[in-house]
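Geometric and topological summary
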Amino acid sequence: MNNTQKLFELAKTSFKNAHCPYSHFAVGAAILSDNGKFYSGCNVENVSYPEGTCAESGAIAAMINDGGKKIAEILILGNGNELITPCGGCRQRICEFATPTTLIHLADMNGVVETLTINDLLPHSFK
Ligand code: THU
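Worth saying up front: this structure is predicted, and the values here are computed from it rather than measured.

This brings us to the pattern of salt bridges. Across all of its chains, the model carries two salt bridges by this definition. Of the charged contacts, one joins K12 and E9 as a salt bridge, the two residues approaching to 3.7 Å between their closest N and O atoms. Linking K12 with E9, this pair stays in helix α1 (residues 3-17), spanning three residues, or about one helical turn. Judged by its relative accessible area of 21%, K12 falls in the partly exposed class.

Attention shifts here to the sheet that holds strand β4 (residues 103-108). Judged by pairing direction, the sheet is mixed, and its five strands sit side by side in the order β2-β1-β3-β4-β5 without closing on themselves. A strand with exactly one partner marks an edge of an open sheet, and here the two such strands are β2 (38-42) and β5 (111-116). When strand polarity is set aside, the average angle formed by the axes of neighbouring strands in this sheet is 20 degrees. Sheet strands touched by helix α2 (residues 55-65): β1 (27-33), β2 and β3 (71-78). Its angle to β2, the strand with the most contacts, is close to 145 degrees.

This paragraph deals with the nonpolar core. In terms of nonpolar packing, the biggest core is built from 21 residues, with I31, I71, I74, I76, I94, I104 and I118 touching the most fellow members. Those elements giving two or more residues to this core turn out to be β1, α2, β3, α3 (88-97), β4 and α4 (118-121). It is α2 that provides the largest number of residues to this core, a total of four residues. Ignoring any residue separated from it by four or fewer positions in sequence, one finds I74 in contact with A30, I31, E56, I94, L103, I104 and H105. Within the second largest apolar cluster, 13 residues are counted, among which are F15, A30, L32 and L75.

Next up on the list: the site of the ligand. If you check the shell around the ligand, you find S23, F25, V27, N43, E45, C54, A55, E56, T85, P86 and C87 and nothing else. Note that an oxygen atom of the ligand is positioned 2.9 Å from one of the backbone N or O atoms of A55. At 2.6 Å from an oxygen atom of the ligand is found a side-chain nitrogen or oxygen belonging to E56. In isolation the ligand offers 380 Å² of accessible surface; the protein chains occlude 77% of this area. Residue composition of the shell around the ligand, by class: six nonpolar, three polar and two charged.

Before going further, it helps to examine unusual backbone geometry. The phi dihedral of H24 is positive, around 55 degrees, even though this residue is not glycine. Tracing the sequence through the fold places H24 in the loop between α1 and β1. H24 gets classed as exposed once you look at its relative accessible area, which sits at 65%. With a phi angle near 55 degrees, H124 is a residue other than glycine that sits in the positive phi range.

Along the primary structure H24 and A59 are separated by 35 residues, whereas in three dimensions their C-alpha atoms are 20 Å apart. Looking at H24, its side chain comes within polar contact range of the main-chain oxygen of P21, at 3.2 Å.

A few words on the side chain of H105. On the secondary structure map, H105 appears in strand β4. Taking the relative accessible area as the measure of exposure, H105 reaches 5% and is therefore buried. One polar contact links H105 to T115, side chain to side chain, over a distance of 2.8 Å. For H105, the contacting residues outside a window of four places in its chain are T4, L7, E73, I74, L75, I76, V112, E114 and T115.

Analysis parameters
Residues numbered from 1 in each chain as written. Predicted model: local features only at pLDDT ≥ 70, side-chain atom pairs only at ≥ 80, totals over all residues. Heavy atoms only, no water. Salt bridge = Lys/Arg side-chain N within 4 Å of Asp/Glu carboxyl O. Helix = DSSP H or I, 4+ residues; strand = E, 2+ residues; numbered from the N terminus. Buried < 20%, exposed > 50% of the residue type's maximum accessible area, 1.4 Å probe, protein only. Pairing = 2+ DSSP bridges. Axes fitted to C-alpha atoms, helices over the stretch in contact; angles between N-to-C directions. Contact = heavy atoms within 4.5 Å. Core = buried A, V, L, I, M, F, W, Y, C linked by side-chain atoms within 4.5 Å. Near = heavy atom within 4 Å. Polar contact = N/O pair within 3.5 Å; in protein donor to acceptor, adjacent residues only side chain to side chain. Areas by Shrake-Rupley, 256 points an atom, 1.4 Å probe, with all protein chains shown as cover. Nonpolar A, V, L, I, M, F, W, Y, C, P; charged D, E, K, R; others polar.

Given below as structure tokens:
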């Protein structure tokens, strides 16, 4: 299994575990960090809506908690009518730990559809 396949499998597991009773929109995210380790996360919604967190946030928190410093690759998986792209806040969160060569894979249930860089997603960023 190559890195992208592994990221896809991890994101799928997270997707299945998403807590999204309000939006019914599950998201899974998986990261390959610069330390060679994999991390994943899902969205975790809350009855107090603004307290919900995105899948990318969970995956990034897991990476940082384990000592990872940079995102080599991140895969985001959604199951909507249109390809999922990270929300504005998550673009900034990814940017914090991305490099110009970080691969950002956008996937649907069949696999990766598009791979972008942080400059594609968040040009002229503050960082
Ligand atoms: N969501 C994510 O987890 N990541 C994104 O990049 C976009 C949106 C979640 C937040 C919320 O739980 C649900 O998708 C619907 O917006």
